[in-house]
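# Remarks on the overall topology
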Amino acid sequence: MESSAVSDRAPGPVLLSRSEIQKRVFEMGREITRDYEGRAPHLIGVLKGASVFHADLVRAIELEASFDFIAVGSYGLTTRTSGEVRLLKDLDESPEGRDVIIVEDIVDTGLTLDYLVQCLRMREPASLRTAALLDKPSRRQREVPIDYLGFEIDDRFVVGYGLDYGQHYRNLPDIHLLGN
């Protein structure tokens, strides 16, 4: 049964259509293919939000690639980050000596991505880059590198294409503004 807090916040208008998303993800895959020619990038998807983007991005890369997942949390059932990043699931394999790309759904404050970059740098990858589907630079508290970026958006809460509100709406194929 759905909680009233979630049912009161239905998806609003489409911000990015599935065709816009797929076109940009394909382009990002081409960029990574070009930049990693002759190498096999290791893409680390940040669960749960980046899972759909991660799957599409991996398929858009025309190189041998491997992947793993890591999970962190900072939201819960709110539309604002708590500011505290917690590791919920660590990697299954060591990134040491690999060409790593962190695949994130959305960068807003920068706290989560900064935390992940710091954690992974200590594990001595051969190289470390980042890919993010969405960026909200107006919310930035910590400057972080985004090497491959899908879209820059305004400071609005969005759902769909893996992004959720209280674990709902991840399965929507488009990205919607969260309604009231």
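Quick summary incoming for the structure in this document.

So, how was this worked out
Residue positions are given per chain, counting from 1 as you read along its sequence in written order. Per-residue local features of the predicted model are confined to residues with pLDDT of at least 70, and side-chain atom pairs are confined, for both listing and counting, to 80 or more; whole-chain, interface and lining totals are unaffected and use all residues. Note: side-chain values were computed over all heavy atoms of the structure, leaving out hydrogens and water. Only runs of H or I of at least four residues qualify as helices and only runs of E of at least two qualify as strands under DSSP, and these elements are numbered from the N terminus. Contacts between residues were defined by any pair of non-hydrogen atoms, one from each residue, lying within 4.5 Å. To be clear on the numbers: accessible area is Shrake-Rupley with a 1.4 Å probe, and residue cover counts the displayed protein chains and nothing else. Side-chain rings of Phe, Tyr and Trp, where Trp is taken by its six-membered ring, are said to pair if the distance between their centres is within 6.5 Å; with planes under 30 degrees apart they count as stacked, over 60 as edge-to-face, and otherwise as tilted. As a reminder, the over-ring test applies to NZ of lysine and CZ of arginine, requiring each to be within 6 Å of the ring centre and within 35 degrees of the ring normal. In this analysis, strands are considered paired if DSSP registers two or more bridges between them. The axes are straight lines fitted to the C-alpha atoms, using for helices just the contacting stretch, and the angles between their N-to-C directions are given from 0 to 180°. Categorising residues by exposure relies on relative accessible area from a 1.4 Å probe, with only protein chains included: less than 20% of the type maximum marks a residue as buried, more than 50% marks it as exposed, and the intermediate range marks it as partly exposed. Looking down the strands as they point away from the viewer, one classifies a crossover as right-handed if the path from the first strand across the helix to the second runs clockwise. Charge convention: Lys and Arg are scored as positive, Asp and Glu as negative, and His as well as the terminal groups of each chain are ignored. By convention in these notes, a salt bridge is any Lys or Arg side-chain nitrogen within 4 Å of a carboxyl oxygen on Asp or Glu. Here the word oblique covers every angle except those under 35 degrees (roughly parallel), over 145 (roughly antiparallel) and from 65 to 115 (roughly perpendicular). Here a crossing is taken to be left-handed if its near helix is turned anticlockwise relative to the far helix by less than a right angle, and right-handed if that turn runs clockwise. Each residue receives one of three labels: charged for Asp, Glu, Lys and Arg, nonpolar for Ala, Val, Leu, Ile, Met, Phe, Trp, Tyr, Cys and Pro, and polar for the others, Gly being one of them. Here, nonpolar core refers to any group of buried Ala, Val, Leu, Ile, Met, Phe, Trp, Tyr and Cys residues whose side-chain atoms link them within 4.5 Å.

This next bit is on the overall build of the protein chain. Along the protein chain, the regular secondary structure elements total 4 helices and 9 strands. Ordered by position from N to C terminus, the α and β elements of the protein chain give α-β-α-β-α-β-β-β-α-β-β-β-β. Long-range contacts, defined as pairs at least 24 residues apart, comprise 68% of the intrachain contacts of the protein chain with a sequence gap of at least 6. Total accessible area on the protein chain stands at roughly 8900 Å², and carbon and sulfur atoms take up 48% of it.

Moving on, we get to the packing of aromatic side chains. Under the criterion given, the structure shown has 2 aromatic pairs. Above the plane of the ring of phenylalanine 26 lies arginine 30, whose end atom (NZ or CZ) is 4.3 Å from the centre.

The next thing to look at is the sheet that holds strand S6 (residues 127-135). Sheet architecture is open: 6 strands sit in the order S4-S3-S2-S5-S6-S7, paired in mixed fashion. In the strand order of this sheet, the two ends are held by strand S4 (86-89) and strand S7 (148-152), each with one partner. Direction aside, neighbouring strands of the sheet carry axes that sit 30° apart on average. As paired elements, S6 and S7 share 4 bridges and run parallel to each other. Directly across from aspartate 135, in S7, lies its bridge partner glutamate 152. Lying on the sheet, helix H2 (residues 18-35) is in contact with strand S5 (99-107), S6 and S7; it crosses S7 at an angle near 160°.

The subject of this paragraph is helix H3 (residues 51-60). All buried positions along H3 are accounted for by Phe53, His54, Asp56, Leu57, Val58 and Ala60. Contacts from the buried residues of H3 go to H2, strand S2 (42-47), strand S3 (66-73), S5 and S6.

Most of S5 is tucked away, with 9 of its 9 residues classed as buried. Pairing geometry for S5 and S6, over 8 bridges, is parallel. By the bridge assignment, isoleucine 102 is partnered in S6 with threonine 130. Handedness of the crossover joining S5 and S6 through helix H4 (residues 111-121) is recorded here as right-handed.

With respect to the helices and strands, the residue glutamate 104 is situated in strand S5. The buried charged residue glutamate 104 lacks any salt bridge partner; its closest oppositely charged side chain belongs to arginine 170, at an N-O distance of 9.2 Å.

Let's shift gears to the sheet that holds strand S1 (residues 11-16). Strand order in the open sheet formed by 3 strands is S1-S9-S8, and the pairing between neighbours is antiparallel. This sheet does not close on itself; its edge strands, each paired only once, are S1 and strand S8 (158-159).

The next subject is the packing of H2 against H3. For the pair H2 and H3, interaxial distance at closest approach is 8 Å and the crossing angle is 50°. When the axes of H2 and H3 are compared, the pair comes out oblique. The two elements H2 and H3 meet at a crossing, and its hand is right-handed. Where H2 abuts H3, its residues Gln22, Val25, Phe26, Met28, Gly29, Arg30, Ile32 and Thr33 lie against Phe53, Asp56, Leu57 and Ala60. For the contact of H2 with H3, a count of residues per class yields 7 nonpolar, 3 polar and 2 charged.

Our focus in this paragraph is the nonpolar core. Soluble globular proteins: nonpolar side chains tend toward being buried together. Counting residues in hydrophobic clusters, the biggest one holds 25 residues, and the most contacted among them are Phe53, Leu57, Leu133, Leu134, Val158 and Ile175. At the level of elements, H2, H3, S5, S6, S7 and strand S9 (175-178) are the ones that each hand at least two residues to this core. Beyond its immediate sequence surroundings of up to four residues, leucine 133 is in contact with Ile21, Val25, Phe53, Glu104, Asp105, Leu149, Gly150, Phe151, Tyr161 and Ile175. Among the nonpolar cores identified, the runner-up in size contains 16 residues, and Ile44, Val72, Val107 and Leu113 belong to it.

Looking now at the pattern of salt bridges. Inspection of the entire model under this criterion finds 18 salt bridges. A salt bridge links aspartate 174 to arginine 18; its shortest N-O distance comes to 3.2 Å. With aspartate 174 in the loop between S8 and S9 and arginine 18 in helix H2, this residue pair connects regions lying 156 residues apart in the sequence. Looking at aspartate 174, the relative accessible area reads 10%, which means it is buried. Residue classification places arginine 18 among the partly exposed residues on the basis of a relative accessible area of 46%. For arginine 142, the salt bridge goes to aspartate 114, with nearest N and O atoms at 3.0 Å. Of this pair, arginine 142 sits in the loop between S6 and S7 while aspartate 114 sits in helix H4, and the two are 28 residues apart along the sequence. The class for arginine 142 is partly exposed, based on a relative accessible area of 38%. Residue class for aspartate 114 comes out buried when judged on its relative accessible area of 13%. Among the charged side chains, a network of salt bridges with common partners joins Lys23, Arg24, Glu27 and Glu31.

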